[in-house]
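The primary structure of each chain is shown beneath.
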Amino acid sequence: MARRHPARTSRPPGRRPLKVWVAMGSDSDLPVMEEALRALAGFGIPYEVEIASAHRTPQATAERARNAERRGFGAIIVGAGHAAHLGGIVAAHSTLPVIGVPLPSSSLQGLDALLSTVQMPGGVPVATMAIGKSGAQNAGIFAAQILATRDPEIRRRLHAHKAQLAAKVTEKNRALREPAARPKA
Ligand code: AIR
């Protein structure tokens, strides 16, 4: 059963927000993929997260991908390590945008997953993020950017996110200039 997160919304009633399907190859991927879930929740985007392995549950994974659009998803995030074929399998079975997060779970620390995810043949794109936690966080933000094209509320939250990033740098510069304001180590 997928773990669900409901929408946080101030949208007019009657306009259901699209959800994001977050699939990962194993439960061992969750600590990294939590970054994607945190980002989605921060933008108030509903999601469902579940384990779907390209190698261990290939049929179920393909079926979930085929049904994703009908089930109200607007974008798909996948995270997998080792020979990470999850992005490719899901993209093969869906026309929804697929965002891939290569995970550093193998002895090659994610380089294998990066190449397996990014090197898609022409015609079947997987938007591939960085390896690991930054990639997972960016996958959540990128999904928000996709959904924002039809949702002004998410667009507003993305602008606020950008402003927050800039404010943090301004604050750090202030601390650099004024040593007394620096946080104690
Ligand atoms: N994996 C699982 N099925 C297919 C792949 N590529 C990946 C998972 C995880 C790694 O294999 O995404 O990163 C190890 O999984 P486990 O379950 O052995 O911890």
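Use the structure listed above.
What you see is a predicted model, and the numbers here were worked out from it, not measured in a lab.

### Details of the sheet that holds strand E2 (residues 19-24)
- Pairing is mixed in the open sheet, where 6 strands are placed in the order E1-E3-E2-E4-E5-E6. For this open sheet the edge positions go to strand E1 (3-5) and strand E6 (127-128), each flanked by a neighbour on one side alone.
- Inspection of the sheet shows E2 paired to strand E4 (residues 73-81) by 6 bridges, in the parallel sense. Paired with Ala23 across the bridge in E4 is Val78.
- In the packing of helix H1 (residues 30-42) onto the sheet, contacts are made with E1, E2, strand E3 (47-51), E4 and strand E5 (98-103), and the angle to E2 comes to roughly 175°.
- Strands E2, E4, E5 and E6 of the sheet are contacted by helix H5 (residues 133-148), whose axis makes an angle of about 165° with E4.

### Remarks on unusual backbone geometry
- Even without being a glycine, His82 presents a positive backbone phi close to 55°.
- Considering the arrangement of structural elements, one finds His82 in the loop between E4 and helix H3 (86-92).
- Of note in the backbone geometry, Gln109 takes a positive phi value of approximately 55° without being a glycine.
- Following the sequence through the fold, Gln109 ends up in the loop between E5 and helix H4 (111-118).

### A short note on the environment of Val118
- Position of Val118 relative to the elements: it lies in helix H4.
- It is 27 Å that separates the C-alpha atoms of Val118 and Ile154, two residues lying 36 residues apart in sequence.

About the thresholds
- Residues numbered from 1 in each chain as written.
- Predicted model: local features only at pLDDT ≥ 70, side-chain atom pairs only at ≥ 80, totals over all residues.
- Pairing = 2+ DSSP bridges.
- Helix = DSSP H or I, 4+ residues; strand = E, 2+ residues; numbered from the N terminus.
- Contact = placed C-beta atoms within 7 Å.
- Axes fitted to C-alpha atoms, helices over the stretch in contact; angles between N-to-C directions.

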